[in-house]
Amino acid sequence: MYSVVNIVNYPGAEDPEMLSVEIYDSFADAHKRSEEIIEIFLEDFGEDYIEHATQKKPLAIMFNGDVTEYAYIVEIKNV
């Protein structure tokens, strides 16, 4: 099982804000969700820098010059 942890950091905020934690049966499903999160970010904030998650580096990074958002795919080993 895999989890997608979605975190955003707004300019001027002292701490990042967790937006969601979602659980999926496979890496492929979790990766698909990380891509959806990227699309939502692009619609809401535009794009300056996007890095897609991979199995080797399971962290998607979205940045528009001000707002930074992350979609981190975490393998759940003990359920």
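Up top is the structure.
Conventions used here
- Residues numbered from 1 in each chain as written.
- Predicted model: local features only at pLDDT ≥ 70, side-chain atom pairs only at ≥ 80, totals over all residues.
- Heavy atoms only, no water.
- Helix = DSSP H or I, 4+ residues; strand = E, 2+ residues; numbered from the N terminus.
- Buried < 20%, exposed > 50% of the residue type's maximum accessible area, 1.4 Å probe, protein only.
- Contact = heavy atoms within 4.5 Å.
- Polar contact = N/O pair within 3.5 Å; in protein donor to acceptor, adjacent residues only side chain to side chain.
- Pairing = 2+ DSSP bridges.

Undergrad: Before we go on, may I ask you to explain the environment of Tyr49 in this structure?
TA: Summarising the element assignment, Tyr49 is placed in strand S3 (residues 49-51). Assessed through its relative accessible area of 39%, Tyr49 is described here as partly exposed. In this structure Tyr49 touches Ile61, Met62 and Phe63, once residues within four positions along its chain are discounted. For Tyr49, the side chain forms a polar contact with the side chain of Glu51, separated by 2.3 Å.

Undergrad: What exactly am I supposed to notice about the pairing of strand S4 (residues 59-63) here?
TA: Here is the key point about a regular strand: its side chains alternate between the two faces of the sheet. When S3 meets S4, the two strands line up antiparallel, connected through 3 bridges. Paired with Glu51 across the two strands is Ile61, which belongs to S4. As defined by bridge partners, S4 adjoins strand S5 (residues 68-75) across 5 bridges and the pair is classed as antiparallel. Bridged to Ala60 within S5 is Ala71.

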